[in-house]
Structures are given as C-alpha cells and as structure tokens.
Amino acid sequence: QVQLVESGGGLVQAGGSLRLSCAASGLTFSSYAMGWFRQAPGKEREFVGGISWSGGKTYYADSVKGRFTISRDNAKNTVYLQMNRLKPEDTAVYYCAGDWDHGLIYVRTDEYDYWGQGTQVTVSS
C-alpha cells in the first residue's frame, strides 16, 4: 500500500533551520506532484508549498516564500522541505501529500490522494 513517511521535525530556535524529508513507497513517485502542508493547534491544515513531478515547478504560500524550499529526488522517492529563518508562527505538524500530477500544483487538501502521518516542528522564540 502507499506510504508517505515524514521525518526531520524537532525543536529549533527562531532564526534556525530544519530540513524535513518525506519518503514515499507503494506508488510511482515520479508521477505525483507533492505538497507540504501544516497544521497548528486549533487551526485548519494549510498549504505550505508544492512541487511538480519533475521538480521543474514549485509554488509556495506567501507566508513561507523566500524562506522555505521544496525539492525532490525521484531516484530516492523522497521530497524535501528546507526551512530557513524559522519563526515561532511556523510551529505546526507538517504533512507531505501526493497528488497524481495533472500539471498543476494544488493548494486544497481535498485535491491530494495520499498523506503522511506528520512530523512536529516547534520553533521557540
């Protein structure tokens, strides 16, 4: 079956960096656009950014643009989220998600077919 497994979360001070990874199995990874989402306590899950199947297109939420970078390695079935200049408001559970690549990067959660279990990111002030 399809599995998406996030890793790399943790506790970091404001201004620091973290790199999240999401390892996929059970699907043809190179056929899927991948998205990163996050959910803070008491808030809805929100789009962070996404990457096309080839890595040639990326799209970011305004709140993270210029600080976060998404990349992927299709040979390793892995997508990454590099997070720099972290802020306390970036604290959330971060999820990766896969969507059969239709040529677009979707921002809505209901457009994605598969989800990981999430990894906690906590940014202290």
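Whatever comes next refers back to the structure up there.
Cut-offs used in this document
Residues numbered from 1 in each chain as written. Predicted model: local features only at pLDDT ≥ 70, side-chain atom pairs only at ≥ 80, totals over all residues. Heavy atoms only, no water. Buried < 20%, exposed > 50% of the residue type's maximum accessible area, 1.4 Å probe, protein only. Helix = DSSP H or I, 4+ residues; strand = E, 2+ residues; numbered from the N terminus. Pairing = 2+ DSSP bridges. Axes fitted to C-alpha atoms, helices over the stretch in contact; angles between N-to-C directions. Contact = heavy atoms within 4.5 Å. Polar contact = N/O pair within 3.5 Å; in protein donor to acceptor, adjacent residues only side chain to side chain. Salt bridge = Lys/Arg side-chain N within 4 Å of Asp/Glu carboxyl O.

Q: Summarise the pairing of strand β5 (residues 46-51); cite the residues concerned and give the values.
A: The two faces of a sheet get side chains in turn, since along a regular strand they alternate between them. A large share of β5 lies buried, amounting to 5 of its 6 residues. Bridge count between strand β4 (residues 32-39) and β5: 5 bridges; the pairing is antiparallel. Within β5, the position partnered with Phe37 by the bridge is Phe47. Connecting β4 to the antiparallel partner β5 that follows it, the hairpin turn spans 6 residues, and Gly42 within it adopts a positive phi of roughly 80°.

Q: Could you give me a rundown of the sheet that holds strand β1 (residues 3-7), with the residues and numbers involved?
A: As a general point, the strands of a sheet are linked pairwise by backbone hydrogen bonds and lie either parallel or antiparallel. With antiparallel pairing, 4 strands are arranged side by side in an open sheet as β1-β3-β8-β7. The open sheet has two free edges, formed respectively by β1 and β7 (68-73), since each of these has just one partner strand. Strand-to-strand twist across the sheet, computed as the mean angle between neighbouring axes with direction ignored, equals 15°. Sheet analysis places strand β3 (residues 18-25) next to strand β8 (residues 78-83), joined by 6 bridges and oriented antiparallel. Across the sheet, the residue bridging to Leu18 is Met83, located in β8.

Q: If you had to explain the environment of Tyr60 to someone new, which residues and values would you point to?
A: Turning to its location among the elements, Tyr60 is positioned in strand β6 (residues 58-60). In this structure Tyr60 comes out as buried when scored by relative accessible area, which is 14%. Here the alpha-carbon distance between Tyr60 and Ile70, two residues 10 residues apart in the chain, equals 8.7 Å. If near-sequence neighbours (up to four positions away) are discounted, Tyr60 is found in contact with Phe47, Val48, Gly49, Lys65, Phe68, Thr69 and Ile70. From its side chain, Tyr60 meets the backbone nitrogen of Ile70 in a polar contact 2.8 Å long.

Q: A description of the pattern of salt bridges should follow, citing residues and the corresponding values.
A: Considering all chains together, one arrives at 5 salt bridges under this definition. Here Asp90 makes a salt bridge to Arg67, at a shortest N to O gap of 2.7 Å. Residue Asp90 is located in the loop between β8 and β9 (92-100), and its partner Arg67 is located in the loop between β6 and β7; the two are separated by 23 residues in the primary sequence.

From the geometry alone we can't say anything about function, so treat these as descriptive.
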